[in-house]
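What follows is each chain in one-letter form.
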Amino acid sequence: MKERVVITGIGVLSPNAHGVAEYSAALRAGRSGIRFLETLAECKFGCQVGGIPHDVDRKKRDYFSDEALYAMNSLMIYAGIAGIDCWRDAGLVVPEWSGSTVEWDTGAIVGTGAGGNETLHTRDFEPKVKSGHLRRLGSTIIEETMCSSASAKLGGLLALGGHVTTNSSACATGTEAIVEAYFHIAQGRAKRMLAGSAEGGTETTAPYAWAGFDAMRVTARGHNDAPEKASRPMSATAGGLVPSAGAGLLLLESLTSARERGAKIYAEVLGGSANCGGQRGGGTMTSANREGVVRCIRDAVARAGVSPREIDAINGHLTATNFDPGEIAAWSEALDVEAARFPPINATKSLIGHALGASGALECIAAVLELHEGFLHPSINCEDLNPALDPIATSVVRDCRPFEGKIVAKASFGFGDVNACAIFGKWSES
Amino acid sequence: MMTEQEAFETVLEIVRPFVRNHEKFKTADASTRIWEDLQVNSSRFIDILLAIEETFDLEIAFEKFEGASTVGDVAKLLMGFTRDRDPLVIQAAREKLKHVTKSQLAP
């Protein structure tokens, strides 16, 4: 029997907010978390703005001991804060190290795009290796740079005993993690899964994390003096993505388990899909095969057991690159809707930038809060809408509006021509 | 040359950032086991060795530490390593260590 899967906890650390209440308020207000970063200017970046969670150096001491922080880079700290917040938000207690209870029925899928490779820069990895001073690397390099560093840390912090792993599919990572966790629970393989993703990067390490994107010239270069205007999905003057960092985690739980413990329910995960366009039909390592995108959305909708026309709103991938109009066309085709009936659509990236591996999770959380609290957040910086989107102009959410819809679709697309789509439903017993 | 008490206090200061059982740390003596009692992750062995090297400007063969398991074991090794050092240099290193915050010790 297929289990119904509900969301019973949320942890969010984004460039514009920390915690559910702050994030919800920031979304409603259309508050940008993008700012000018001196370190990027010093390194002569074309794009000198980005999004980094605020005040983490102070906050981290409220969450972690010095012993734990000794071996935690920013990826692990962001994921750790969001994971602990999510756990507590779900009404669960963070265990003591000295305890022996293991949560055998709870797993975690905590994805990341770049992993913990910032540690290689902050610990002078190359000079130490090249000069033969291997011992001076200390004992923490592997636990911080292994791809599973964040999921491994959370597995220990929360004493998880189910399937604990990481996934990585570039900018589709976060949504993919949630889709995979959904299947774990729907198929009865776990009662609860901590699911989402994180991307590291501090003011100090952002240049290393983001230099490659700057080199590719896919970042926004024209708004260094107006950071909040830089991330412009769906705009005629969209000039590229604005990189950012952070973490978003959701606790997915079987409805049976949630009911047994009287947990609050934010929303239901109705279905999901992940696929690859095979880097054919226009798809490449860095761009999407439209047929793959369309199939991914259609499969997710079909698995959710709803009709494409029942989708009440879309949280787009929408990176503020020239793929935005193509994405809208793919949604239209997948949902088989003409422009006049195109669902309301917004881009969380307009507020928090492109959090890379963390983007899908942070944006899924936005979609879940919109369903739960009944609003659609504004997509800022598209007052000069891309003319290609004129036919759906009234569907682009530019001011915060009330929302009584029941189903929201969220998709993310990543390098490698990979796609992931999750379908969320407003919680109701029926 | 450090006294036994000085060496003991120095080792405690060096292992402090890696301790998970703070209750045991408060009552630690020479027989306190670093890994089992203080719940120091055994892989931090290398970081403790590095901290000693950095504090006293030494190079210590990895093998010398094999078999050391208690605070007293490491204190005895430390006394040996610093036997020929100028007492003023040792005192300065110990003072410096006391002022190193845990976060500064962290890499």
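Residues numbered from 1 in each chain as written. Chains lettered and ligands numbered in written order. Predicted model: local features only at pLDDT ≥ 70, side-chain atom pairs only at ≥ 80, totals over all residues. Heavy atoms only, no water.

### Here we look at the overall build of chain B
For chain B, the helix and strand inventory stands at six helices and zero strands. Counting helices and strands in the order they occur from the N terminus, chain B gives α-α-α-α-α-α. Radius of gyration (C-alpha) of chain B: 13 Å, near the 13 Å computed for a compact globule of 107 residues. Overall, chain B is about 35 × 30 × 25 Å in size when its C-alpha atoms are taken along their principal axes. Considering only intrachain contacts with a sequence separation of at least 6, the fraction spanning at least 24 residues in chain B is 57%. Carbon and sulfur atoms provide 50% of the accessible area of chain B, an area that totals close to 5800 Å². Averaging the locations of the 14 positively and 19 negatively charged side chains of chain B gives two centres separated by 5 Å. (Helix = DSSP H or I, 4+ residues; strand = E, 2+ residues; numbered from the N terminus. Rg over C-alpha atoms; globule rule 2.2 N^0.38 Å. Contact = heavy atoms within 4.5 Å. Areas by Shrake-Rupley, 256 points an atom, 1.4 Å probe, with all protein chains shown as cover. Lys, Arg positive; Asp, Glu negative; His and termini not counted. Charge placed at Lys NZ, Arg CZ, Asp CG, Glu CD.)

### Re the packing of aromatic side chains
To describe a pair of aromatic rings, one takes the distance between the centres and the angle between the planes. For the structure shown, the criterion picks out eight aromatic pairs over all chains. Both rings, one in Tyr-70 of chain A and one in Phe-18 of chain B, keep their centres 4.7 Å apart while their planes meet at 90°; by these two values the pair is edge-to-face. On the criterion of chain membership, the pair formed by Tyr-70 of chain A in the loop between helix H4 (66-69) and helix H5 (74-89) and Phe-18 of chain B in the loop between helix H1 (4-15) and helix H2 (22-26) is interchain, its members lying in two chains. By relative accessible area, which is 7% here, Tyr-70 of chain A ends up buried. For Phe-18 of chain B, a relative accessible area of 4% corresponds to the buried category. Between Phe-45 of chain B and Phe-65 of chain B, the aromatic rings sit 5.9 Å apart at their centres with planes inclined by 80°, giving edge-to-face as the arrangement. With Phe-45 of chain B in helix H3 (residues 45-56) and Phe-65 of chain B in the loop between H3 and helix H4 (71-81), this residue pair connects regions lying 20 residues apart in the sequence. Overall, the relative accessible area of 16% leaves Phe-45 of chain B in the buried class. The buried category is assigned to Phe-65 of chain B, whose relative accessible area is 4%. Ring pairs connect the aromatic residues Trp-35, Phe-45, Phe-62, Phe-65 and Phe-81 of chain B, which therefore count as one cluster. The ring of Trp-97 of chain A has Arg-20 of chain B sitting right over it, with the charged end atom 4.2 Å from the ring centre. (Phe/Tyr/Trp six-rings, centres within 6.5 Å; stacked < 30°, edge-to-face > 60°. Buried < 20%, exposed > 50% of the residue type's maximum accessible area, 1.4 Å probe, protein only. Lys NZ or Arg CZ within 6 Å of the ring centre and 35° of its normal.)

### Describing H1 of chain B
An α-helix turns once per 3.6 residues; consequently, residues spaced three or four apart project the same way. Here H1 of chain B contains 12 residues, and its C-alpha end-to-end distance of 17 Å stays within 8% of the 16 Å for a straight helix at 1.5 Å per residue. When we look at burial in H1 of chain B, the residues that qualify are Ala-7, Phe-8, Thr-10, Val-11, Leu-12, Glu-13, Ile-14 and Val-15 of chain B. (Expected span 1.5 Å × (residues − 1).)

### Quick look at the interface of chain A and chain B
Every contact between the two is made by 13 residues of chain A and, on the other side, 20 residues of chain B. Its largest share of buried area at the contact with chain B, chain A owes to Glu-67, Tyr-70 and Arg-135 of chain A, together 49% of the area lost on that side. A per-class count over the side of chain A that touches chain B returns three nonpolar, three polar and seven charged. (Buried area = accessible area lost by both parts, 1.4 Å probe. Nonpolar A, V, L, I, M, F, W, Y, C, P; charged D, E, K, R; others polar.)

### Comments concerning the pairing of strand S9 (residues 267-276) of chain A
All names here are of chain A. With seven of 10 residues buried, S9 lies mostly within the body of the structure. In terms of strand pairing, S9 meets strand S15 (residues 418-426) through nine bridges, oriented antiparallel. When the bridges of S15 are listed, Val-269 appears paired with Phe-424. (Pairing = 2+ DSSP bridges.)

### Things to note about the confidence of the model for chain B
Low-pLDDT portions of the prediction should not be read for the details of their coordinates. Residues and elements named next belong to chain B. Summarising the model, chain B shows a mean pLDDT of 87, and 92% of its residues fall at 70 or more. Note on residues 101-107: pLDDT under 50 across the span, and 10 contacts to partners over four residues away in sequence or across chains. Note on the complex model: pTM 0.96, ipTM 0.85. (pLDDT = per-residue confidence, 0-100.)

### Some thoughts on the nonpolar core
Counting 47 residues, the largest nonpolar core has Ile-7, Ile-10, Tyr-23, Leu-252 and Phe-424 of chain A as its most contacted members. The next biggest cluster of nonpolar side chains, apart from the first, holds 39 residues, and it includes Ile-52, Tyr-78, Ala-90 and Val-110 of chain A. (Core = buried A, V, L, I, M, F, W, Y, C linked by side-chain atoms within 4.5 Å.)

### Structural notes on the packing of helix H10 (residues 173-186) of chain A against helix H16 (residues 359-373) of chain A
All names here are of chain A. Two elements in contact, H10 and H16, have axes separated by 5 Å at closest approach and are oriented at 65°. Taken together, the axes of H10 and H16 are roughly perpendicular relative to one another. Touching Gly-174, Thr-175 and Ile-178 of H10 are Gly-360, Ala-361 and Cys-364, all from H16. For the contact of H10 with H16, the class distribution of residues is three nonpolar, three polar and no charged. (Axes fitted to C-alpha atoms, helices over the stretch in contact; angles between N-to-C directions. Parallel < 35°, antiparallel > 145°, perpendicular 65-115°, else oblique.)

### Side note on the pattern of salt bridges
Residue and element names in this part refer to chain A. Following the criterion strictly, the structure yields 31 salt bridges over all chains and no others. We note a salt bridge from Arg-232 to Glu-383, for which the minimum N-O separation is 2.9 Å. With Arg-232 in the loop between helix H11 (206-216) and strand S8 (246-254) and Glu-383 in the loop between strand S12 (375-376) and strand S13 (401-402), this residue pair connects regions lying 151 residues apart in the sequence. On the basis of relative accessibility, which here comes to 4%, the residue Arg-232 falls in the buried class. Residue Arg-232 pairs with Asp-384 through a salt bridge whose shortest N-O separation is 3.2 Å. (Salt bridge = Lys/Arg side-chain N within 4 Å of Asp/Glu carboxyl O.)

### Quick word on a nonpolar patch on the surface
Taken together, Met-216, Met-285 and Phe-415 of chain A make up a surface patch of nonpolar side chains, about 290 Å² in accessible area. One can find Met-285 of chain A in the loop between S9 and helix H13 (290-304). (Patch = residues over 30% accessible without salt bridge, like charges linked within 9 Å, V, L, I, M, F, W, Y side chains within 5 Å.)

### Details of the environment of Asn-21 of chain B
Residues and elements named next belong to chain B. Looking at where Asn-21 falls in the secondary structure, it is placed in the loop between H1 and H2. Classification of Asn-21 as buried rests on a relative accessible area of 18%. Taking the C-alpha atoms as reference points, Asn-21 and Val-89, separated by 68 residues in sequence, lie 32 Å from one another. Not counting chain neighbours up to four residues away, the residues in contact with Asn-21 comprise Asp-37, Leu-38 and Gln-39. At a separation of 3.2 Å, a polar atom in the side chain of Asn-21 contacts the main-chain amide nitrogen of Glu-23. There is a polar contact of 3.1 Å between the side chain of Asn-21 and the backbone nitrogen of Lys-24. (Polar contact = N/O pair within 3.5 Å; in protein donor to acceptor, adjacent residues only side chain to side chain.)

### So, unusual backbone geometry
Residue and element names in this part refer to chain A. In the Ramachandran plot, Ala-320 falls in the positive-phi region, its phi being about 70° despite a non-glycine side chain. For Leu-356, which is not glycine, the phi dihedral falls at a positive 50°. Within the secondary structure layout, Leu-356 lies in the loop between helix H15 (349-352) and H16. Accessibility expressed as a relative area gives 7% for Leu-356, which makes it buried.

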